[in-house]
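Chain by chain, the residues run as shown.
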Amino acid sequence: MITCRQLTKKYGSKAAVDAVDLTLEPGHVYAMMGPNGSGKTTWMKMAAGLVRSTGGEILYNGKPIGVESRRHVAYMSTEPYFYNWMTARDVGKYYQDFFDDFSMEKYEKLLQRMDLDIAAKVRTLSSGMMAKLKIAVTMARDAKVYMLDEPFNGIDLLARDEIRTCILEEAAADKVMVLSSHLVEEMETIADWAVFLKNGRLVEMRDLEQMRSTDHVSMADRYREIYGHTEG
Amino acid sequence: MNYDPMKPIWLQVATRLKRQIATGTLAPGAKLPGGRELAAQYGINPNTAARIYQELEREGVCATSRGLGTFVTEDERAVQSLRREMAHDALEQFLEELSGLGMTVGDAIDLIKREESNNDHMQTTDEEVRQ
């Protein structure tokens, strides 16, 4: 569904993403792993069509990422992107104007399930509530690809549980889910594949259950092997 | 549920479900949650959840009827053999532990007998005290 070949993004002489070959198939939850600066966010932004590559190509169903693909890709960035004066309902309306596949009904259901008041002002939300709001508004789209950048960052255990359930309920055979996080433990059980990026390069892509059966290592172990003991 | 991330997740959840079937917490013929529901309930990937039912079916402790869902087997013999299998696993683990402490199977049997007679003795003294 998403294929990239030698995908590269350079800022000046520095490559944020460096000659990455990768294919993501529907029906899977991919964990994009790597410390800060490894290229996770830049890769996601290219897949979302928000950042242009400077080399190689990235395709959605065989066609270059662009206006058409953007309709099928739901992306949640790490930056807060709502105005403080907005209520949760306003956030939904804002999304409804932007995206044809946004369902207000689904959004309300998700808010309710995550115990968020639709009348609450963005300004009054705690970081955990804000994280849940971002997830709800992203998942309320009927997209084919969901990319969530750091969905578990900086929030408490209970909010993490709720977000995890929400993600798992939306994962389906015809959808691609990409989650980035440096909270490795949080991703162990929900992802079935891990993509390890280091300094913008793809180190490897692993089937996690297979890795556990054959190598008896967890994603955290592999993470340590790849990123530990060496500089950045 | 707490997972050991070094062991296959499907195996850990399948073991938990098998234990529930063996102990009767999940009764013969009981309906199990759908794959997606199981995934959400256990916080696991949906493909992992599907794998769990595949394995349980292969082992004959569950059966899936198209359109109806997955059910615990009603075959009492299958549940019994599951119980034996789990008892065997527990025994093996126990013997391995004792062997690590330098004990033989004979020592283990002595130990069990002594433990049993101790318990019996304690029960009798309890009764004597009550009288």
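A.B. asks: Teacher, can you tell me more about the overall build of chain B here?
C.D. replies: Along the backbone of chain B there are 5 helices and 2 strands. When its helices and strands are written in sequence order, chain B yields α-α-α-β-β-α-α. For 131 residues, the compact-globule formula gives about 14 Å, and the C-alpha radius of gyration of chain B, at 20 Å, lies well above that figure. The C-alpha extent of chain B, read off along each of the three principal axes, is 60 × 40 × 25 Å. Residue burial in chain B is summarised as follows: out of 131 residues, 31% are buried.

A.B. asks: Help me understand the interface of chain A and chain B, please; the structure alone is not making it clear to me.
C.D. replies: For an interface, size is often stated in terms of accessible area lost upon the parts coming together. Of the residues lining the interface, 22 residues belong to chain A; the matching set on chain B comes to 16 residues. Summed over both partners, the interface of chain A with chain B buries about 1400 Å², with 52% contributed by carbon and sulfur atoms. Interface area lost by chain A to chain B is led by Leu168(A), Thr189(A) and Glu209(A), which between them contribute 41%. Our enumeration of links across chain A and chain B arrives at 0 salt bridges. Where chain A meets chain B, there are 11 residue pairs in polar contact (both at pLDDT 80 or more). Within the residue set of the side of chain A that touches chain B, elements represented by two or more residues are strand E3 (28–33), helix H6 (157–170) and helix H8 (208–215) of chain A. Per element, the largest residue contribution to the side of chain A that touches chain B is 5 residues, and it comes from H6(A). Of the residues belonging to the side of chain A that touches chain B, the class tally is 7 nonpolar, 7 polar and 8 charged.

A.B. asks: How do you make sense of the side chain of Thr87(A) when you look at a structure like this?
C.D. replies: Within the fold, Thr87(A) resides in the loop between strand E6 (73–76) and helix H3 (88–98). Residue contacts for Thr87(A): discarding those within four places in its chain leaves Ile118(A), Ala119(A), Ala120(A), Lys121(A) and Val122(A).

A.B. asks: Please clarify how the packing of aromatic side chains should be interpreted in this entry.
C.D. replies: Two descriptors summarise a pair of aromatic rings, namely the distance from one centre to the other and the angle between the planes of the rings. All names here are of chain A. Under the defined criterion, the tally for this structure stands at 8 aromatic pairs over all chains. With a centroid separation of 5.8 Å and an interplanar angle of 5 degrees, the aromatic rings of tyrosine 83 and tryptophan 85 are classed as stacked. The exposure class of tyrosine 83 is partly exposed, given its relative accessible area of 47%. According to the relative accessible area criterion, tryptophan 85 is exposed, its value standing at 53%.

A.B. asks: I tried to follow the domain arrangement of chain B on my own but got confused; where do I start?
C.D. replies: Residues and elements named next belong to chain B. Split into domains, chain B comes out as domain 1 (1–100) and domain 2 (103–131). For domain 1 versus domain 2, the distance between C-alpha centres works out to 34 Å. Both faces considered, domain 1 and domain 2 share a buried interface measuring about 350 Å² in area, 79% of it formed by carbon and sulfur atoms. Sorting the residues of domain 1 by area buried against domain 2 places Phe94, Leu95 and Leu98 first, and these three jointly supply 88% of that buried surface. Summed over the shared surface of domain 1 and domain 2, the result is 0 salt bridges. Here domain 1 and domain 2 share 1 residue pair in polar contact (both at pLDDT 80 or more) between them.

A.B. asks: Help me out: how do you make sense of the pattern of salt bridges in this one?
C.D. replies: Should their charged atoms come close, side chains of opposite charge can pair. Scanning the entire structure with this criterion turns up 27 salt bridges over all chains. Residue Asp4(B) pairs with Lys7(B) through a salt bridge whose shortest N-O separation is 3.7 Å. By relative accessible area, which is 46% here, Lys7(B) ends up partly exposed. Among the ionic contacts, a cluster of salt bridges with common partners joins Glu204(A), Arg206(A), Asp215(A), Arg222(A) and Glu225(A).

Conventions and cut-offs
- Residues numbered from 1 in each chain as written.
- Chains lettered and ligands numbered in written order.
- Predicted model: local features only at pLDDT ≥ 70, side-chain atom pairs only at ≥ 80, totals over all residues.
- Heavy atoms only, no water.
- Helix = DSSP H or I, 4+ residues; strand = E, 2+ residues; numbered from the N terminus.
- Rg over C-alpha atoms; globule rule 2.2 N^0.38 Å.
- Buried < 20%, exposed > 50% of the residue type's maximum accessible area, 1.4 Å probe, protein only.
- Contact = heavy atoms within 4.5 Å.
- Buried area = accessible area lost by both parts, 1.4 Å probe.
- Salt bridge = Lys/Arg side-chain N within 4 Å of Asp/Glu carboxyl O.
- Polar contact = N/O pair within 3.5 Å; in protein donor to acceptor, adjacent residues only side chain to side chain.
- Nonpolar A, V, L, I, M, F, W, Y, C, P; charged D, E, K, R; others polar.
- Phe/Tyr/Trp six-rings, centres within 6.5 Å; stacked < 30°, edge-to-face > 60°.
- Domains from an automatic or database assignment.

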